Amino acid sequence: MIRMAVFVSGGGTNLQALLDSENPYGTVALVVASNPRAYAIERGRQAGIPALVFQRKKLGAAYSEKLLAALAEHRIDLVVLAGFLTILDEAVIAAYPRRILNIHPSLLPAFGGVGFYGIKVHEAALARGVKITGATVHYVNEVPDGGEIIAQRAVEVLPGDTPETLQRRVMEQAEWHILPEVVRNQCKTMEEDPSWKA
Ligand code: GRF
């Protein structure tokens, strides 16, 4: 059984989609939050999953060391960034090669990279006037939103869309489907090929 840590910063709807999904190969063993007020922590608690809060501003240079120690202590095999807003540094990324997944609310490379996160992504898509947007699941590397793309799903932009209505549609029609699908397939692959194990 692959043990996952889901990293969150906000409402946790992608975490909820993972918790509600069928995945015989993996289980969410830990929630890691970047702030103590993230409602995602409550979603994990309701599912009986422990949560840890790691605030880079408070931990400073010790952030990555403490984060890695906690992931090892919880025997984490796979990291899933789900609405997570802290940039992970090289030490963390190197410890989990092709084992950190991220969900981004656009069709990368469009509207990705530094400064493109959460509602800002949808504001930029509407400002540009794109007719199709969507979501992307990719491996995390040292380039923000730059890792190998694993899955994407397109969503139509509708006349009169606001950033909020567009964000909701992208979540409902794309994010909450492709993230659980990719996570299930990744866990299956890791289960079947022990060389993936940490
Ligand atoms: C979502 O749009 C996600 O794609 C982005 O952050 C937003 C909030 O996600 N990364 P969640 O509801 O906290 O999962």
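The rules behind the values
Residues numbered from 1 in each chain as written. Predicted model: local features only at pLDDT ≥ 70, side-chain atom pairs only at ≥ 80, totals over all residues. Heavy atoms only, no water. Phe/Tyr/Trp six-rings, centres within 6.5 Å; stacked < 30°, edge-to-face > 60°. Helix = DSSP H or I, 4+ residues; strand = E, 2+ residues; numbered from the N terminus. Buried < 20%, exposed > 50% of the residue type's maximum accessible area, 1.4 Å probe, protein only. Lys NZ or Arg CZ within 6 Å of the ring centre and 35° of its normal. Contact = heavy atoms within 4.5 Å. Pairing = 2+ DSSP bridges. Axes fitted to C-alpha atoms, helices over the stretch in contact; angles between N-to-C directions. Expected span 1.5 Å × (residues − 1). Bend = angle between axes of the 7 residues up to and from the residue.

Caption draft 1: Broad picture of the packing of aromatic side chains. The final tally for this structure, using the stated rule, is two aromatic pairs. With 5.1 Å between their ring centres and 80 degrees between their planes, Phe7 and Phe84 make a pair best called edge-to-face. A residue pair is termed long-range when its members are at least 10 positions apart, and Phe7 in strand E1 (residues 2-8) and Phe84 in the loop between strand E4 (78-81) and helix H5 (90-95) qualify at 77 residues. Its relative accessible area of 0% is what places Phe7 among the buried residues. Relative accessible area serves as the criterion here: at 9%, Phe84 is assigned to the buried category. Judged by centre distance (6.4 Å) and plane angle (65 degrees), the ring pair of Phe111 and Phe116 falls under edge-to-face. The exposure class of Phe116 is partly exposed, given its relative accessible area of 29%. Directly above the ring of Tyr63 sits Arg56, whose terminal nitrogen or CZ lies 4.5 Å from the centroid.

Caption draft 2: Molecular detail of the environment of Val79. In this structure, Val79 sits in strand E4. Since its relative accessible area comes to 1%, Val79 is described here as buried. Here the alpha-carbon distance between Val79 and Ala151, two residues 72 residues apart in the chain, equals 17 Å. Apart from the residues lying within four places of it in its own chain, the contact partners of Val79 are Ala5, Phe7, Leu71, Tyr96, Arg99, Ile100 and Leu101.

Caption draft 3: Layout of the sheet that holds strand E2 (residues 26-33). The mixed open sheet is built from seven strands, whose spatial order is E3-E2-E1-E4-E5-E6-E7. Pairing within the sheet leaves two strands with one partner each, and these edge strands are strand E3 (51-53) and strand E7 (149-156). If you compare each strand with its neighbour and ignore which way they point, the axes differ by 20 degrees on average.

Caption draft 4: Fine view of helix H7 (residues 163-192). Over its 30 residues, H7 runs 41 Å from end to end, which matches the ideal 44 Å to within 8%, given 1.5 Å per residue. The sharpest bend along H7 comes to roughly 45 degrees, located at Met171.

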